[in-house]
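Residue strings, one per chain:
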Amino acid sequence: MKELMLGNKAFARGLYEAGCSVASSYPGTPSTEITEEAAKYDEIYCEWAPNEKVAMEVAFGAAMAGKRSFCGMKHVGLNVAADPLYTASYTGVNAGMVIGVADDPGMHSSQNEQDSRHHAIASKVPMLEPSDSAEALEFTKRAFEISEEFDTPVIVKMCTRVSHCQSLVEKSERKEVSKPYERDIAKYVMMPGNAIKRHPFVEERTEALTMYAETSDINRVEMGSKDIGIITSSTSYLYAKEVFGDNASYLKLGMVNPLPFKLILDFASEVEKLYVIEELDPIIENHCKALGLDVTGKDVLPICGEFSQNLIAEKLGLPVKESCTLDEQLPMRPPAMCSGCPHRGVFYTLNKNKCTVIGDIGCYTLGAVAPLSAMHMTLCMGASVSGLHGFNKALGEEGEKNAVAVIGDSTFMHSGMTGLANIAYNQSNSTVIILDNSITGMTGHQQNPTTGYNIKGDPAGKIDLEALCKSMGFARVRVVDPYDLKAMDKAVKEELAADEPSVIISRRPCVLLKYVKTNAPLKVNEDKCRGCKSCMRLGCPSISFRDGKAHVDNTLCTGCGVCEQLCAFDAFE
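Everything numeric here is computed off the predicted structure, so don't read it as measured data. (Residues numbered from 1 in each chain as written. Predicted model: local features only at pLDDT ≥ 70, side-chain atom pairs only at ≥ 80, totals over all residues. Heavy atoms only, no water.)

1. Some remarks on the packing of helix α1 (residues 7-17) against helix α7 (residues 133-150)
Spelled out, the test is: Helix axes use the C-alpha atoms of the stretch in contact, all axes being lines fitted to C-alpha atoms, and the angles between their N-to-C directions lie in the range 0 to 180 degrees. Helix and strand labels come from DSSP, where a helix needs a run of H or I of at least four residues and a strand needs a run of E of at least two; each type is numbered from the N terminus. Orientation categories follow fixed angle ranges, with anything under 35 degrees roughly parallel, anything over 145 roughly antiparallel, 65 to 115 roughly perpendicular, and all other angles oblique. Each crossing gets its handedness from the near helix: less than a right angle anticlockwise from the far helix is left-handed, clockwise is right-handed. Only heavy atoms enter the contact rule, under which two residues are in contact if any of them lie within 4.5 Å. Each residue is assigned to one class: nonpolar for Ala, Val, Leu, Ile, Met, Phe, Trp, Tyr, Cys and Pro, charged for Asp, Glu, Lys and Arg, and polar for all the others, Gly among them.
Viewed as axis vectors pointing N to C, α1 and α7 meet at an angle of 30°, and their least axial separation amounts to 7 Å. The angle between α1 and α7 falls in the class roughly parallel. As α1 runs across α7, the sense of the crossing is right-handed. Contacts between α1 and α7 pair Gly7, Ala10, Phe11, Arg13, Gly14, Leu15 and Glu17 from the former with Ser133, Ala136, Leu137, Thr140, Lys141 and Phe144 from the latter. By residue class, the composition of the contact of α1 with α7 is 6 nonpolar, 4 polar and 3 charged.

2. Here we look at the environment of Ala143
On the secondary structure map, Ala143 appears in helix α7. For the pair Ala143 and Ile155, spaced 12 residues apart in sequence, the C-alpha to C-alpha distance is 7.6 Å. Discounting residues that sit within four places of it in the chain, Ala143 has contacts with Val98, Leu128, Val154 and Val156.

3. Quick notes on a nonpolar patch on the surface
This is how the line gets drawn: The patch calculation keeps residues exceeding 30% relative accessible area without a salt bridge and links them within 9 Å when they carry like charges or within 5 Å when they are nonpolar (Val, Leu, Ile, Met, Phe, Trp, Tyr). Surface accessibility in these figures is a Shrake-Rupley result with a 1.4 Å probe; residues are shielded only by whichever protein chains are displayed. Salt bridges are defined by distance alone: a side-chain nitrogen of Lys or Arg within 4 Å of a carboxyl oxygen of Asp or Glu.
Side chains of Ile185, Val189 and Met191 sit close together on the surface and give an oily, nonpolar patch of about 240 Å² of accessible area. Secondary-structure assignment places Val189 in the loop between α9 (185-188) and α10 (192-215).

4. Side note on the side chain of Ser506
Rule in force here: Three exposure classes are used, based on accessible area relative to the maximum for each residue type with a 1.4 Å probe and protein chains only: buried under 20%, partly exposed in between, and exposed over 50%.
The topology assignment puts Ser506 in strand β19 (residues 502-507). A relative accessible area of 2% places Ser506 in the buried class. When sequence neighbours within four positions are dropped, the list of residues in contact with Ser506 reads Val346, Ile433, Ile434, Leu435, Asp436, Val480, Pro482 and Met488.

5. Considering the side chain of Glu495
In this fold, Glu495 is placed in helix α20 (residues 485-497). Each residue touching Glu495, except ones within four places of it in the same chain, is listed here: Thr431, Arg476, Arg478, Ser502 and Ile504.

Encoded structure:
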């Protein structure tokens, strides 16, 4: 049976058909829907882990026990999971273990644009790269087979366009797979004496995988005109096909680590001019050059950003199709926190108090955007807490009386706890604000260990943030409603003035959660409005300024009342 599927949904279908039994992931756009879709199959145990390292370790444990397993993440999540990945390459697996990682060329929702192929190369783990939904399903099933045949974890690399575009897939029945667990100290206990014996195994496996890449149909040649030969993979293959059609021949690589040698050389010998078309880093190109081939690639194609059909045509000197344009110039719509977002009051308060704000990863990163303009740094998950400690150790009281860290509840569970333990242990007088909106907001409302519900929405273990912070050694832990600007202002001032570390928990659920009831929208009494624009400092998308007066869009306003607290003339009703 055929069905139109998102790439991520097709990946999940591949997990189901391959007999995957355990899936543990951390949500990260553009990978999130893989695990959400997998959770719809009762045959697969699915969970959200606190972070990607934990997810990979869970998947490894399940594979060692004899059940096919999966862990999913975005590209920066693979950095977090690198520790178990590199050693799991040495140990190998029992049942198949597949790692799904989704890159984000163009940085649509990410803080960097890294190329996950580097992790595959460095860890010496095979990587498959589908170009559409059908391949996402098929390659996932093949990845489990490769994992078990070659005794290795296997990475399947998606990207934003493959993850979030739809194409037809052919569905099949599920195949149950289970292997007996056998104790094997030499294989699984990676102390130096055992690990040193596993390294030669990894090198021999890489040679065997290279031979597999030479002959497997996962890499395929499509001969057309021999004037031009194109070596490519993923979405770049689809773009190249649209641009060149039958006017070129193609070597479409489905396995991007390890790369074949003879297959590439044989293909190159059949064509006049050779191009390598790949997004981000020149990994295939450098491999070809190491083989002594003269290729055109990053000398004309960009190393940054996403590719497109028109970009490839333009850079390679071919006619560019006309783009559709609108007759009217649309106004810019910069990203903004939602109307009624509980974080808005926090950032307004921090900006008003001229605080130095060490930020973190989440939708609250929009606190950096004007008019709130209340964030000075965002690095990676959990870095706000650790960064604040270092900032304050460098500046002493100058930092401690003015600087704060802000971190969401899910991000705190991911990697903020260790930073908080560092503050308690090494004693900087730091103030950490946990923005507890009761959900993982940025990636689309996934549960986390503080919400009390699991991936299916069933009751689960719930971590008490106040008790956790107190158990780490913080005597000053207070909870504030961010809609109450006076209370928030008081809390920030008092905790910054205190002579010991402190935690402020800004607690109010995300306004977009289905169970959150909003108030009636406000309106502006134009007779009372003086046009002072105090309300505009909130950056609320519900409020605009027309004809010298504030105006509220009642289709957006949630009645949170924060703007009322800024109006000295009681114009909001």
